Amino acid sequence: MPFSLKPADRPQTVTWFEWLSILVVIAGLILGDGLKWDALIWVPLTLWIILSISRRGSSIARWIFTAFYAIGFLVGAYGLATNIIALADITPAGWVLNVASVAQLWLVWSADTSRWLASTKERRTELAT
(Lines give C-alpha, C1' and ligand atoms only; values in the text may rest on other atoms or scores of the structure.)
Protein backbone atom coordinates (compact mmCIF):
# COMPACT_ATOMS: atom_id res chain seq x y z
CA MET A 1 0.00 0.00 0.00
CA PRO A 2 1.55 3.33 -1.01
CA PHE A 3 2.06 6.08 1.57
CA SER A 4 -0.96 8.37 1.66
CA LEU A 5 -2.24 11.12 3.90
CA LYS A 6 -5.79 10.30 2.82
CA PRO A 7 -6.54 6.63 3.42
CA ALA A 8 -9.79 5.26 2.09
CA ASP A 9 -10.69 3.36 5.24
CA ARG A 10 -11.23 6.33 7.60
CA PRO A 11 -12.42 9.95 7.48
CA GLN A 12 -10.03 12.80 6.81
CA THR A 13 -10.53 14.24 10.32
CA VAL A 14 -9.25 11.01 11.85
CA THR A 15 -6.18 11.11 9.62
CA TRP A 16 -5.53 14.76 10.49
CA PHE A 17 -5.89 13.95 14.19
CA GLU A 18 -3.43 11.07 13.86
CA TRP A 19 -0.76 13.12 12.05
CA LEU A 20 -1.21 16.23 14.20
CA SER A 21 -0.99 14.19 17.39
CA ILE A 22 2.20 12.45 16.29
CA LEU A 23 3.73 15.82 15.37
CA VAL A 24 2.74 17.26 18.77
CA VAL A 25 4.34 14.31 20.56
CA ILE A 26 7.56 14.71 18.56
CA ALA A 27 7.59 18.49 19.05
CA GLY A 28 6.94 18.05 22.77
CA LEU A 29 9.92 15.75 23.08
CA ILE A 30 12.18 18.03 21.02
CA LEU A 31 11.10 21.29 22.66
CA GLY A 32 10.93 19.84 26.14
CA ASP A 33 13.83 19.53 28.53
CA GLY A 34 14.77 16.15 27.18
CA LEU A 35 13.37 12.75 28.00
CA LYS A 36 12.26 12.83 31.63
CA TRP A 37 10.44 10.29 33.73
CA ASP A 38 7.03 11.84 32.96
CA ALA A 39 7.69 11.48 29.22
CA LEU A 40 8.14 7.74 29.74
CA ILE A 41 4.51 7.64 30.86
CA TRP A 42 3.12 10.42 28.65
CA VAL A 43 4.49 9.26 25.27
CA PRO A 44 3.25 5.63 25.31
CA LEU A 45 -0.12 6.70 26.69
CA THR A 46 -0.47 9.37 24.01
CA LEU A 47 0.48 6.90 21.28
CA TRP A 48 -2.08 4.43 22.63
CA ILE A 49 -4.75 7.15 22.51
CA ILE A 50 -3.82 8.08 18.94
CA LEU A 51 -3.94 4.48 17.75
CA SER A 52 -7.11 3.69 19.67
CA ILE A 53 -8.94 6.55 18.02
CA SER A 54 -7.51 6.12 14.53
CA ARG A 55 -7.99 2.32 14.54
CA ARG A 56 -11.32 2.34 16.42
CA GLY A 57 -9.81 0.32 19.23
CA SER A 58 -11.46 2.22 22.05
CA SER A 59 -14.03 4.98 22.17
CA ILE A 60 -12.95 5.71 25.75
CA ALA A 61 -9.60 6.94 24.43
CA ARG A 62 -11.04 10.28 23.37
CA TRP A 63 -12.50 10.80 26.84
CA ILE A 64 -9.04 10.13 28.28
CA PHE A 65 -7.54 12.56 25.74
CA THR A 66 -10.13 15.19 26.70
CA ALA A 67 -9.46 14.67 30.41
CA PHE A 68 -5.71 15.12 29.88
CA TYR A 69 -6.38 18.25 27.85
CA ALA A 70 -8.67 19.64 30.58
CA ILE A 71 -6.16 18.86 33.33
CA GLY A 72 -3.37 20.49 31.34
CA PHE A 73 -5.56 23.53 30.70
CA LEU A 74 -6.49 23.87 34.37
CA VAL A 75 -2.88 23.53 35.51
CA GLY A 76 -1.80 26.10 32.94
CA ALA A 77 -4.62 28.47 33.91
CA TYR A 78 -3.67 28.15 37.57
CA GLY A 79 -0.05 28.94 36.72
CA LEU A 80 -1.12 32.02 34.76
CA ALA A 81 -3.45 33.15 37.54
CA THR A 82 -0.68 33.00 40.11
CA ASN A 83 1.92 34.60 37.84
CA ILE A 84 0.42 36.77 35.10
CA ILE A 85 3.91 37.57 33.81
CA ALA A 86 4.20 33.91 32.80
CA LEU A 87 1.92 34.65 29.83
CA ALA A 88 4.70 36.73 28.28
CA ASP A 89 7.20 33.94 28.93
CA ILE A 90 5.46 31.43 26.63
CA THR A 91 7.64 30.87 23.58
CA PRO A 92 6.28 30.98 20.03
CA ALA A 93 6.73 27.21 19.84
CA GLY A 94 4.64 26.92 23.02
CA TRP A 95 1.87 28.95 21.41
CA VAL A 96 1.97 26.72 18.33
CA LEU A 97 1.73 23.59 20.51
CA ASN A 98 -1.23 25.12 22.39
CA VAL A 99 -3.04 25.88 19.12
CA ALA A 100 -2.24 22.37 17.87
CA SER A 101 -3.71 20.92 21.08
CA VAL A 102 -6.94 22.85 20.57
CA ALA A 103 -7.02 21.60 16.97
CA GLN A 104 -6.54 18.03 18.24
CA LEU A 105 -9.44 18.45 20.64
CA TRP A 106 -11.65 19.79 17.85
CA LEU A 107 -10.68 16.95 15.50
CA VAL A 108 -11.27 14.23 18.09
CA TRP A 109 -14.80 15.52 18.80
CA SER A 110 -15.75 16.38 15.21
CA ALA A 111 -18.85 14.80 13.71
CA ASP A 112 -16.86 12.63 11.28
CA THR A 113 -14.68 11.23 14.05
CA SER A 114 -17.73 10.58 16.23
CA ARG A 115 -19.40 8.67 13.39
CA TRP A 116 -16.15 6.77 12.82
CA LEU A 117 -15.99 5.65 16.45
CA ALA A 118 -19.71 4.89 16.59
CA SER A 119 -19.46 2.66 13.53
CA THR A 120 -17.43 0.21 15.61
CA LYS A 121 -20.51 -0.57 17.68
CA GLU A 122 -22.57 -1.06 14.54
CA ARG A 123 -19.95 -3.36 13.02
CA ARG A 124 -19.68 -5.44 16.20
CA THR A 125 -23.48 -5.78 16.32
CA GLU A 126 -23.56 -6.95 12.70
CA LEU A 127 -20.88 -9.55 13.39
CA ALA A 128 -22.72 -10.87 16.44
CA THR A 129 -25.97 -11.50 14.55
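Use the structure listed above.
Residues numbered from 1 in each chain as written. Predicted model: local features only at pLDDT ≥ 70, side-chain atom pairs only at ≥ 80, totals over all residues. Heavy atoms only, no water.

## Quick word on the nonpolar core
What counts is decided by this rule: By nonpolar core we mean a set of buried residues, namely Ala, Val, Leu, Ile, Met, Phe, Trp, Tyr and Cys, connected to one another through side-chain atoms within 4.5 Å. Summary of the burial criterion: residues with accessible area below 20% of their type's maximum are buried, those above 50% are exposed, and those between are partly exposed, where the area comes from a 1.4 Å probe applied to protein chains only. Numbered from the N terminus, helices here are DSSP runs of H or I no shorter than four residues, and strands are runs of E no shorter than two. We call two residues contacting when some pair of their heavy atoms lies within 4.5 Å.
Within the largest apolar cluster, seven residues are counted, these being Phe17, Ile49, Ile53, Ala61, Phe65, Leu107 and Val108. Only helix H2 (37-54), helix H3 (60-82) and helix H4 (92-108) provide two or more residues apiece to this core. The residues contacting Leu107, other than those within four sequence positions of it, are Thr13, Trp16, Phe17, Leu20 and Thr113.

## As for the packing of aromatic side chains
Formally: In this analysis, rings of Phe, Tyr and Trp, with Trp reduced to its six-membered ring, are considered paired at centre separations within 6.5 Å, and the interplanar angle assigns stacked below 30 degrees, edge-to-face beyond 60, and tilted for intermediate values.
Scanning the entire structure with this criterion turns up two aromatic pairs. Look at Phe17 and Phe65: their rings are 5.6 Å apart centre to centre, the planes differ by 90°, and that puts the pair in the edge-to-face class. Placement of Phe17 in helix H1 (residues 12-31) and of Phe65 in helix H3 is noted, with a sequence separation of 48 residues between them. The exposure class assigned to Phe17 is buried, which follows from its relative accessible area of 1%. For the ring pair Trp63 and Trp109, a centre distance of 4.8 Å and an interplane angle of 75° mean the geometry is edge-to-face. Separated by 46 residues along the polypeptide, Trp63 in helix H3 and Trp109 in the loop between H4 and helix H5 (111-128) bring together distant segments of the chain. Trp63 sits in the exposed class, given a relative accessible area of 56%.

## So, the packing of H1 against H4
We count it as follows: Angles here are taken between N-to-C directions and fall from 0 to 180 degrees, while the axes themselves are lines fitted to C-alpha atoms, restricted in helices to the stretch in contact. Comment on the angle field: the value is read as roughly parallel under 35 degrees, roughly antiparallel over 145, roughly perpendicular from 65 to 115, and oblique elsewhere. A crossing counts as left-handed when the near helix is turned anticlockwise from the far one by less than a right angle, and as right-handed when that turn is clockwise. Side-chain classes follow a simple rule in which Ala, Val, Leu, Ile, Met, Phe, Trp, Tyr, Cys and Pro form the nonpolar group, Asp, Glu, Lys and Arg form the charged group, and the remainder, Gly included, forms the polar group.
Look at H1 against H4: their axes get within 9 Å of each other, and the N-to-C directions meet at 150°. The angle between H1 and H4 falls in the class roughly antiparallel. Considering the relative orientation of H1 and H4, their crossing is left-handed. Each of Thr13, Trp16, Phe17, Leu20, Ser21, Val24, Ala27 and Leu31 in H1 lies in contact with H4, whose residues at this interface are Ala93, Leu97, Ala100, Ala103, Gln104, Leu107 and Val108. Looking at the contact of H1 with H4 residue by residue, the classes come out as twelve nonpolar, three polar and no charged.

By themselves, these are just geometric observations and shouldn't be taken as functional.
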